[in-house]
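Now for the letters of each chain:
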Amino acid sequence: MSIYTFNLPDIGEGIAEAEIVAWHVKVGDRVEEDDQIADMMTDKATVEMEAPVTGTIVAVAGEEGDIIAIGSMLVQIEAEGDGSAAEAGRSESNAAVESDVTTPPQDTVIKEESESIAEVPAPEPEGHKTAPEPPKSDVTTAENAPSAKVLATPAVRKRAADLGVDLSQVKAQGEHIRHSDLDAYLSYGSGQGYRPAGASQKRDNETIKVIGMRRKIAQNMAESKRHIPHFSYVDEIDMTVVEDMRADLNANRGDRPKLTMLPLMIVAICKSLAQFPMLNATYDDEAGLVTRHGAVHLGMATQTEQGLMVPVIRDAQDKNIWQLASEIGRLSAAARDGSAKAEELSGSTLTLTSLGPLGGIATTPVIQRPQVAIIGPNKIVERPMIIDGEIQARKLMNLSISCDHRVVDGYDAASYVQALKHLLETPVLLFAD
């Protein structure tokens, strides 16, 4: 037996340190060569670390969330055999590590964190126990009935177990069961009738360490707010005609993708930007340079299980509504399943963020540095309007824009939104050259 020290190798050009985002081993665990031992995250990628030798873990560098320098000790392994394997592995300890994890841009990382979806075993009848199944990967599905599958996070599973709740009876509003779904079941769906919130379901305090992707999002947002003097402007847009047109287009779309409002919104954004180039820009505040971009590379804020990601529609100004609909669907799916490529997650010149049906009256979105503007459409609602002295039901939407006041004046932002409003309220102009 010999002690082999596995140092954190160089995992990318110019990278000096990395964050421990997940441990897959602990002191005392036996590992085989090439077993996964840890996930390390840099500003550019999340990389899986594998054991270089077979043996027993005798020391680890720190806890999840700790940052360690390249070349410093990651783990120590009591290697099995005569030590030749350890010596062979030692010579490679600082080699570059290859990873098949997609490299995200800037501060965005495609990685499932500690709340990763884990399997929820189905309850077994008394007196009938089956042999345990072999361990599975971090993100798994579990059958709780012959044709049913239940997905939930470890925290939800623990809470359900503490409350004696069978998760197979809980209806999920999304892809997996959340605390809110469990709350709804406890209040309405458990067969016990309505129970006031908090009755017999008091939750313990939780202290959660901010690590990994959540830390990167926090740092990115803090940098944006610290450096950018934001201002927001909101106006109301009558979407009745464009909504009717969208319904007609969908009724005659054939085998083309179904249109949401976003493709039409993007066409209007791109057309109106021609008169307002200061909005499709990036600002290098250290160099004192503003770059007004000719092409519109539109970032599309997308909520995923890992957190907020912003895939980019390249050259949005050159795409028609059907191409935009396809690209929106493709990029959203790639962001959510973790298959988005690095070039699909970087280089945006302007961002569109929409809460969809959640809507809201108005938003004040945070600009993605170094961009200078972000646009946020809100929910379309039917409300009465007075038109030509008569009260009519109209489909209205508030549209928000946040701008960097160092580059964009309030007059410019308001004028841009008025131009955008004119196109959306007269949608035939969206298709006019």
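Throughout what follows, the structure given in this document is the object of discussion. Here the structure is a predicted model, which means the values were calculated and not measured.

This next bit is on the sheet that holds strand 7 (residues 67-69). Pairing within the open sheet is antiparallel, and its 4 strands lie in the order 5-4-2-7. Each end of this open sheet is capped by a strand with a single partner; those strands are strand 5 (46-50) and strand 7. The mean inter-strand angle of the sheet, taken between neighbouring strand axes irrespective of direction, is 40 degrees.

Membership of the largest hydrophobic core comes to 50 residues, with the highest contact counts inside it found for I266, I269, L279, V408 and Y416. With 9 residues, the single largest contributor to this core is helix 6 (residues 261-273). Formed by 23 residues, the second largest nonpolar core is a distinct cluster that contains Y4, I37, A38 and A51.

Topologically, L429 is positioned in the segment after helix 8 (410-425). For L429 and A268, which are 161 residues apart along the polypeptide, the C-alpha to C-alpha distance reads 8.9 Å. If near-sequence neighbours (up to four positions away) are discounted, L429 is found in contact with K271, H422 and L423.

Before going further, it helps to examine a negative patch on the surface. A cluster of acidic side chains, namely E33, D34, D35 and E50, defines a negative patch on the protein surface. Structurally, E50 can be placed in strand 5.

On to the packing of helix 6 against helix 8, then. Put simply, helix 6 and helix 8 touch, their axes get as near as 9 Å, and they point 130 degrees apart. Comparing their axes, helix 8 and helix 6 come out oblique. The way helix 6 lies across helix 8 gives a crossing that is right-handed. Taken together, the residues of helix 8 that come into contact with helix 6 (itself represented by L264, M265, A268, I269, K271, S272 and L273) are Y416, A419, L420, L423 and L424. Counted by class, the contact of helix 6 with helix 8 contains 10 nonpolar, 1 polar and 1 charged residues.

With that settled, the discussion passes to the packing of helix 6 against helix 7 (residues 321-337). At a minimum axis distance of 9 Å, the contact between helix 6 and helix 7 shows a crossing angle of 120 degrees. As summarised for this structure, helix 6 and helix 7 are arranged oblique, according to the angle between their axes. Between helix 6 and helix 7 lies a crossing whose hand is right-handed. Note on element contacts: helix 7 touches helix 6 through I321, L324, A325 and I328, opposite L262, P263, L264, I266 and V267. Class assignment of the residues belonging to the contact of helix 6 with helix 7 gives a composition of 9 nonpolar, no polar and no charged.

Our focus in this paragraph is the environment of E33. Mapped onto the elements, E33 comes out in the loop between strand 3 (30-31) and strand 4 (36-41). Along the chain, E33 and A79 lie 46 residues apart, while their C-alpha atoms are 9.9 Å from each other. Discounting chain neighbours no more than four positions away, the residues touching E33 are A51, P52, V53 and T54.

Right, let's get into helix 8. In this model, helix 8 (16 residues) spans 22 Å end to end at C-alpha, consistent with the 22 Å of a helix rising 1.5 Å per residue. Taken together, the buried positions of helix 8 are occupied by D412, A413, A414, S415, Y416, V417, A419, L420, K421, L423 and L424. On the buried face of helix 8, the contacting elements are strand 12 (230-238), helix 5 (240-251), helix 6, strand 20 (373-387) and strand 21 (390-404).

Here L259 shows up in the loop between helix 5 and helix 6. Overall, the relative accessible area of 1% leaves L259 in the buried class. Each C-alpha atom of the pair L259 and W322 lies 7.5 Å from the other, and the pair is 63 residues apart in sequence. Those residues in contact with L259 that lie beyond four places of it in its chain are R246, L249, N250, I321, W322 and A325.

Attention now goes to unusual backbone geometry. The bulk of non-glycine residues show a negative phi, and the bulk of peptide bonds are trans. Looking along the chain, the bond that leaves R369 and enters P370 is cis, with omega of 15 degrees. Checked against the element boundaries, P370 lands in the loop between strand 19 (350-352) and strand 20. One non-glycine residue, D315, lies in the positive phi region at around 50 degrees. Of note, D315 is situated in the loop between strand 18 (312-313) and helix 7. Owing to a relative accessible area of 30%, D315 belongs among the partly exposed residues under this scheme. A positive phi angle is found at D388, which is not glycine, with a value near 50 degrees.

A separate point is the pattern of salt bridges. Close approach of charged atoms allows side chains with opposite charge to pair. For the coordinates displayed, the defined rule picks out 18 salt bridges. Salt-bridge contacts for D29 lead to K26; the nearest nitrogen and oxygen are separated by 3.3 Å. According to the relative accessible area criterion, K26 is exposed, its value standing at 54%. Put simply, R383 and E236 hold a salt bridge, and the shortest N to O gap is 2.3 Å. Of this pair, R383 sits in strand 20 while E236 sits in strand 12, placing them 147 residues apart in sequence.

Rules used throughout
Residues numbered from 1 in each chain as written. Predicted model: local features only at pLDDT ≥ 70, side-chain atom pairs only at ≥ 80, totals over all residues. Heavy atoms only, no water. Pairing = 2+ DSSP bridges. Helix = DSSP H or I, 4+ residues; strand = E, 2+ residues; numbered from the N terminus. Axes fitted to C-alpha atoms, helices over the stretch in contact; angles between N-to-C directions. Core = buried A, V, L, I, M, F, W, Y, C linked by side-chain atoms within 4.5 Å. Buried < 20%, exposed > 50% of the residue type's maximum accessible area, 1.4 Å probe, protein only. Contact = heavy atoms within 4.5 Å. Patch = residues over 30% accessible without salt bridge, like charges linked within 9 Å, V, L, I, M, F, W, Y side chains within 5 Å. Areas by Shrake-Rupley, 256 points an atom, 1.4 Å probe, with all protein chains shown as cover. Salt bridge = Lys/Arg side-chain N within 4 Å of Asp/Glu carboxyl O. Lys, Arg positive; Asp, Glu negative; His and termini not counted. Charge placed at Lys NZ, Arg CZ, Asp CG, Glu CD. Parallel < 35°, antiparallel > 145°, perpendicular 65-115°, else oblique. Left-handed = near helix turned anticlockwise from the far one by under 90°. Nonpolar A, V, L, I, M, F, W, Y, C, P; charged D, E, K, R; others polar. Expected span 1.5 Å × (residues − 1).

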